[in-house]
Amino acid sequence: MTAVPFGDLKAHVRALRPEIDAAVARVLDSGWFILGPEGEAFERELAASLDARHAVAVANGTEAIQLALEALGLAAGDEVITSPLTAAFTALAVLRAGARPVFADVDPVTLNVTPETVERALTPHTRALLPVHLYGHPVDLDPLIEMARRRGIPLVEDACQAIGARYKGRPVGALSGIGALSFYPTKNLGALGDGGAVVVNDPEIATRLRRLRNGGQSDRYRHEVAGINSRLDEMQAALLRVKLGHLSAWTDRRRALAARYEEGLRDAGVDLPVEQAYARAVYHLYVIRHPRRDALAAALKERGVGTLVHYPIPLHLQPAFAELGKRRGDFPVAEKAAGEILSIPLFPEMTDDQAEAVIRAIREVAPGLR
Ligand SMILES: *Cc1c(COP(=O)(O)O)cnc(C)c1O
């Protein structure tokens, strides 16, 4: 039996070790560790790879979302529409920006928000839309961008799981003008620590972001606004530059593994993700569905296959968001999905044998659980 872990960052680092060592040595020898040439080069290379005018590197994806909202001028009482089925950090960032998350239910197939659900969540206080490209599959963005434009409000893409994904042929991130990325180690482009970035087209907003991430300083020791400390260090920037060079090959490998799963699991008694016509997904996660999810996960564990659930508790049912006053039943599609979704192993270093082992294990156990 081939054991298949959910992820394998040791294998990931092993494959890159000489390049990583060289980048670390370069930074150590430079004697410069915060806001320097590595960070600037990374920002240029990142922006270019996503067809964005600017990238502003920050300490993590959560603060990328928070600072994007702050740079757009959101204030107390402003509502931001987002998904209840996402990393809690999406909506925590909204709270940290001083605004109020308002949830819109998701589509039963894509598990992303839709123009219809977002429309229903609009109020006179709506000041931004924050759709999430969940699992690395782009949201159907054009109708949402049009809705935001009509109302004169910004749309911020939470692209933390979707670097490299394409919507109608163009890279997500700054398609709406502004978006957030995370470089958490397990993300498709992961630092060896925390990291994040805002990609943005408007140069004035980019300037505001550069101030906000650095204590609000316009010049050294002159604090123009009340910013925070959310800088990406030179070490992480240098490592991310190494990894950015491999991202498109990793994405191709993820897509090849996803194609293999689709072929091998088509009639295996589980529901599979469906790539929409407008999308080129990057499979940050490969999420299947089964009505007896927990039993399936336990049976796979017995066969040596690691799985996780992203995410078991919709955000409106999390204690951290109790103040929003939402209840079970308010977002039925997200609630039902949260009980059925299961993320199975998919990472670039995964071998074909490992993929086959996962397929075999699911085919063995899933049909009997129906
Ligand atoms: C990872 C993630 C975040 C938060 O990013 P961090 O770098 O962990 O702060 C936000 N939104 C989504 C959808 C994510 O996957």
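One can find the structure itself at the top, above this paragraph.
Here is what the cut-offs are and how they apply
Residues numbered from 1 in each chain as written. Predicted model: local features only at pLDDT ≥ 70, side-chain atom pairs only at ≥ 80, totals over all residues. Heavy atoms only, no water. 1 Å grid on protein atoms, 1.4 Å probe; cavity = no way out; pocket = protein on both sides within 12 Å on 5 of 7 lines; lining within 4 Å. Points joined across faces, edges and corners; volume = space filled by probe spheres on them. Helix = DSSP H or I, 4+ residues; strand = E, 2+ residues; numbered from the N terminus. Nonpolar A, V, L, I, M, F, W, Y, C, P; charged D, E, K, R; others polar. Domains from an automatic or database assignment. Axes fitted to C-alpha atoms, helices over the stretch in contact; angles between N-to-C directions. Parallel < 35°, antiparallel > 145°, perpendicular 65-115°, else oblique. Left-handed = near helix turned anticlockwise from the far one by under 90°. Contact = heavy atoms within 4.5 Å.

Draft legend 1. Fine view of the layout of surface pockets. Its volume calculated, the largest pocket comes out at about 800 Å³. For the largest pocket, the lining is made up of 40 residues, of which Tyr184, Thr186, Lys187, His284 and Tyr311 are closest to its centre. Broken down by secondary-structure element, the contributors of at least two residues to the lining of the largest pocket are helix H1 (9–30), helix H3 (61–71), helix H4 (88–96) and helix H9 (247–265). Grouping the constituent residues of the lining of the largest pocket by class yields 19 nonpolar, 15 polar and six charged. Taken together, domain 1 (9–104 + 111–244) and domain 2 (247–369) each give at least three residues to the lining of the largest pocket, which thus spans both. Size it by volume and the second largest pocket reaches roughly 310 Å³. Together, 18 residues line the second largest pocket, and Val109, Leu272, Pro273, Val274 and Val287 are the ones closest to its centre. For the lining of the second largest pocket, the two domains that each supply at least three residues are domain 1 (9–104 + 111–244) and domain 2 (247–369).

Draft legend 2. The arrangement of the packing of H3 against H4 in detail. At a closest axis distance of 8 Å, the pairing of H3 and H4 adopts a crossing angle of 40 degrees. As summarised for this structure, H3 and H4 are arranged oblique, according to the angle between their axes. As for the relative orientation of H3 and H4, their crossing is right-handed in sense. Two secondary-structure elements touch here, H3 through Thr62, Ile65, Gln66, Leu69 and Glu70 and H4 through Phe89, Thr90, Ala93, Val94 and Arg96.

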